[in-house]
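The chain contents come next:
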Amino acid sequence: MLEFIQLLNQRYQTVLSQSGNEAVKSAYQQRIDQLIFTEAFIRKGQLLNAAPKQPLQMTVVGPTQAGKSSLVNVLLNSDDAGVSPLAGYTIHPQGFCLGVNVNDCSGLQRYFGRFQQLQKNAIPRDRHDCYSLTETTADSALLPDGVLWDTPDFDSIDSAVYREGVIRAMVLADIIILVVSKEKYADQSVWDIMATLEGLHQPTVICLNKLSEGSESLLLESLKQKWQLTRQDAFPEVVPLYYQKDTGVPLWPTAQQALLKDLAGKVDHQRQARLEQDLLQKHWQTWLEPVIAEHHAQKDWQELVNEAIRQAVGNYQRDYLNHPHHYETFQQALAELLTLLEIPGLAGVLTGARKVLTWPARQIMKLGRKRLHIADSSQEIIILKQIAEHVLIQLADRLLDNSEEGQQRLWWKEFSSLLRRQRQSILQDFSAAAKIYHLDFQQDVEQTAQDLYLKLQEQPLLLNSLRVTRVTTDAAAIALTVHMGGIGVHDLVFAPAMLAVTSLLAESAIGGYMHKVEHDLKQHQLKTVKQALFVDNLGLKLLALPEQLSRLHHFNISPGQVQAAEHQLIEKRHGLRLL
């Protein structure tokens, strides 16, 4: 699941980075934050599974200049956190280990993933994929042993570049310490963050900073209303922090000195798996919305291709197999039969020779002049090429229509451009495949001639009559001419010898058998062309085109990948129910 969330996040960021996506910018950025948030929470679950006795993690969060770093120093009873009057001074998550060793936090490197752990003073300000851990020897009366995290703001203009670090530090927290000032507590960015964190059920405390005497009651009531409008859980305890003119740092109330230590007792890691499941279920359909839309477009494309292939097969059957003038394959079989109508004794030799031909020998024969001529001059090849061109023209028109109306117009528009670029290559591949098929199918033509000849041997009188017909007409010359490539098979249909042989066969005792052989040959030819050319060649190439769409503008996550992730989601849910 973690890998799928990372893939989805990466595709969202890639698509969003392209120009022309202003319409979805806000929604996609929100989903990216949610995906980073979820990835971090899954990583936290892995961290807890690997080492359940992790040090307590406490994270201070808040908007710019709310006084986060100053409060961190108050809580630590030190000046370890850097403080500046300038906004955006802290831009990396900074962890301070109180009562624990840095080595006890070794699992955090895996949690932070691509983020690198560096010394606090050694982190370059132009790198935002870093965090620091520092051991402090301060004696704090306010904190339990654990790691206290100081975080960058989440609401400034520059926060977009280091926002991921903020999210990771917040999700890691066992206790959230929200710091807001009287100027910032009502900002929508604050409550957007708190709404996102609600699903983690982290014990929370709100520090209302920079108060002046007499203003706290009104602010507390307003703060409570904001919380209740945003979240369903109970309003947490609020720590009022008054501004100290002499020191410039807030003063933690004595009455709430044990607050954070008490909250530490409410941390419950046993719910981690259930909370992960709830978080995934909450956002799953929204995250997959553009992916599913692409799947629908791909399904529509598959239906277009399947219908075009169905029509192409029908056109082949109509314009070639069932056409009285174009169909030539059975005439090729009859031409082969003419070569078998030799004088007694010679036919058996020729038949035996054909039976003992090995496969390599047959392959070599394909390279001969006869078969190359048959492919080059074939009416079937001409018709197949015309049908393929018609399929691509038909599909191009449908793509153009879809790019101008309906959903996923951008997908269809780019797909139309892709088909236009690939058109010539697809036609060339189809032409080459058609020629290979046509040459290979000559073996079936020869076999049909053999079957007819064997059947004729059962009728000696008819066989002799055909031999006489062959001798007394120009059949021998025509057969030789066909073999040498001097006449096309289409022309053979109207040759006197072929007309005589065909008429004699049709009117003979094996006339019914001849029609059956012709019908079987057509059916076999139809099945072969459909599978080898229209399904396995043209169809597969067209159906594979969506995989070539730019990953810069489209998610290109397959239905199989989504199904595998959803299967994990279902398995996990059922497992949790059993528990």
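Numbering of residues starts from 1 in every chain and runs along the sequence as written. In keeping with the model being predicted, local features are shown solely for residues with a pLDDT of at least 70 and side-chain atom pairs are shown and tallied solely at 80 or more, while totals for entire chains, interfaces and linings include all residues. The basis for the side-chain values is all heavy atoms of the structure; hydrogens and waters are excluded.

**Student:** Go over the overall build of the protein with me, naming the residues and quoting the values.
**Tutor:** Helix numbers and strand numbers start at the N terminus; a helix is a DSSP run of H or I with at least 4 residues, a strand a run of E with at least 2. The number of helices and strands found in the protein is 22 helices and eight strands. Buried residues in the protein amount to 49% of all 579 residues. Throughout, a residue-residue contact means that at least one pair of heavy atoms, one from each residue, lies within 4.5 Å. Considering only intrachain contacts with a sequence separation of at least 6, the fraction spanning at least 24 residues in the protein is 79%. Per-residue and other accessible areas were derived by the Shrake-Rupley procedure at a 1.4 Å probe size, with only the shown protein chains allowed to occlude residues. Carbon and sulfur atoms make up 52% of the accessible area of the protein, which totals about 27,900 Å². Burial status follows relative accessibility: with a 1.4 Å probe on protein chains alone, a residue under 20% of its type maximum counts as buried, one over 50% as exposed, and anything between as partly exposed.

**Student:** Which residues make up the side chain of Glu294, and what are the values?
**Tutor:** As for its position among the elements, Glu294 is in helix α9 (residues 272-321). Buried Glu294, no salt bridge; nearest opposite-charge side chain is Arg11, N-O distance 7.4 Å. Polar contacts, as counted here, are pairs of nitrogen or oxygen atoms within 3.5 Å of one another; within protein the pair requires one atom able to donate a hydrogen and one able to accept it, and residues that are adjacent in sequence qualify only if both atoms are side-chain atoms. For Glu294, the side chain forms a polar contact with the main-chain nitrogen of Phe555, separated by 2.8 Å. If near-sequence neighbours (up to four positions away) are discounted, Glu294 is found in contact with Gln408, Trp411, His554, Phe555 and Asn556. For the purpose of charge, His is not counted, nor are the chain termini; Lys and Arg are scored as positive and Asp and Glu as negative. A pair is scored as a salt bridge if a Lys or Arg side-chain nitrogen falls within 4 Å of a carboxyl oxygen belonging to Asp or Glu.

**Student:** If you had to explain the layout of surface pockets to someone new, which residues and values would you point to?
**Tutor:** Cavities and pockets were defined on a 1 Å grid built over protein atoms only: a cavity is a set of grid points that admits a 1.4 Å probe from which the probe cannot escape, a pocket is an open set flanked by protein on both sides within 12 Å along at least five of seven lines, and lining residues are those with an atom within 4 Å of any such point. Grid points are joined across faces, edges and corners, and a volume is the space filled by probe spheres set on the points. In this structure, the largest pocket encloses a volume near 1,200 Å³. Lining the largest pocket are 49 residues, and of these Gln29, Ile32, Asp33, Arg163 and Ile167 lie nearest its centre. When contributions to the lining of the largest pocket are tallied by element, the ones reaching two or more residues are α1 (2-17), α2 (25-50), α5 (159-172), α6 (188-197) and α9. The leading source of residues in the lining of the largest pocket is α2, at eleven residues.

**Student:** Quick rundown of the confidence of the model for the protein? Include the residues and the values.
**Tutor:** Along the chain, pLDDT gives the predictor's confidence residue by residue, from 0 to 100. Averaged over all residues, the pLDDT of the protein equals 81, while 80% of them reach at least 70. Mean pLDDT across the elements of the protein ranges from a minimum in helix α12 (residues 359-366), with 36, to a maximum in strand β1 (residues 57-61), with 94. For residues 484-490, every residue scores under 50 in pLDDT, and the model assigns this stretch 14 contacts once sequence neighbours within four places are set aside.

**Student:** Any chance you could break down the pairing of strand β5 (residues 146-150) for me, citing the residues and the numbers?
**Tutor:** Counting buried residues in β5 gives five out of five residues, a clear majority hidden from the surface. Two strands qualify as a pair provided that DSSP identifies no fewer than 2 bridges between them. Bridging between β1 and β5 involves four bridges; their strand directions are parallel. Each bridged residue has a counterpart across the sheet, and for Thr59 the counterpart in β5 is Trp149. Here strand β2 (residues 94-98) runs beside β5; their pairing, made up of five bridges, is antiparallel. From the neighbouring strand, Gln94 faces β5, where its bridge partner is Asp150.

**Student:** Describe empty space enclosed by the protein, and please don't skip the residues or the numbers.
**Tutor:** Tallied over the full model, the rule gives two cavities of 30 Å³ or more. Approximately 50 Å³ is the volume attributed to the second largest cavity. Contributing to the lining of the second largest cavity are Lys44, Leu47, Leu48, Gln54, Pro55, Gln57, Leu172, Asp174 and His269. Take the lining of the second largest cavity: its biggest share by element is three residues, from α2. Charged means Asp, Glu, Lys or Arg here, nonpolar means Ala, Val, Leu, Ile, Met, Phe, Trp, Tyr, Cys or Pro, and polar covers whatever is left, Gly included. Class assignment of the residues belonging to the lining of the second largest cavity gives a composition of four nonpolar, three polar and two charged.

**Student:** I'd like a rundown of the packing of α1 against α9, residues and numbers included.
**Tutor:** Two measures define how a pair of helices packs: the angle their axes make with one another and the distance between the axes. Following both chains from N to C, one finds α1 and α9 inclined at 45°, their axes separated by 11 Å at the closest point. With respect to α9, the element α1 is oriented oblique. Helix-helix and strand crossings are classified by hand; for α1 and α9 the assignment is left-handed. Judged by residue contacts, Phe4, Ile5, Leu8 and Tyr12 of α1 engage Leu280, Trp284, Thr286, Trp287, Leu288, Pro290 and Val291 from α9. Whenever a helix is involved, its axis is fitted only over the stretch in contact; in every case the axis is a line through C-alpha atoms, and angles between N-to-C directions fall within 0 to 180 degrees. Should an angle fall under 35 degrees it is taken as roughly parallel, and over 145 as roughly antiparallel, whereas 65 to 115 is taken as roughly perpendicular and any remaining angle as oblique. By the definition used in this description, the sense in which the near helix is turned from the far one sets the handedness, with an anticlockwise turn below a right angle giving left-handed and a clockwise turn giving right-handed.

**Student:** Please give an account of the state of the cysteines that cites residues and values.
**Tutor:** By definition, disulfides here are pairs of cysteine sulfur atoms that lie within 2.5 Å. Within this structure, the stated rule accounts for zero disulfides. Left unpaired, Cys105 is separated from the closest cysteine sulfur, that of Cys97, by 4.2 Å. Using a relative accessible area of 2% as the deciding quantity, one classes Cys105 as buried.

**Student:** Pulling in residues and values, what's your account of a negative patch on the surface?
**Tutor:** A contiguous patch of negative charge on the surface is contributed by Asp397, Asp401, Glu404 and Glu405. Summarising the element assignment, Glu405 is placed in the loop between α14 (379-404) and α15 (409-440). Patch criteria: residues need more than 30% relative accessible area and no salt bridge. Like-charged residues are merged within 9 Å; nonpolar side chains of Val, Leu, Ile, Met, Phe, Trp and Tyr are merged within 5 Å. Every charge is mapped onto a representative atom, which is NZ of Lys, CZ of Arg, CG of Asp or CD of Glu.

**Student:** Summarise the pattern of salt bridges; cite the residues concerned and give the values.
**Tutor:** What the rule picks out here adds up to 15 salt bridges. Glu164 is the partner of Arg114 in a salt bridge, and the nearest nitrogen-oxygen pair spans 2.5 Å. Linking Arg114 in the loop between α4 (108-112) and β3 (116-117) with Glu164 in helix α5, this pair joins segments that are 50 residues apart in sequence. On the accessibility criterion, Arg114 (52% relative accessible area) is exposed. Among the residues examined, Glu164 registers a relative accessible area of 15% and is labelled buried. In this structure, Asp278 engages Arg274 in a salt bridge whose closest nitrogen and oxygen atoms are separated by 3.8 Å. A residue pair is termed a helical-turn pair when its members lie 3 or 4 positions apart in one helix, as Asp278 and Arg274 do in helix α9 at four residues. The exposure class of Arg274 is partly exposed, given its relative accessible area of 35%.

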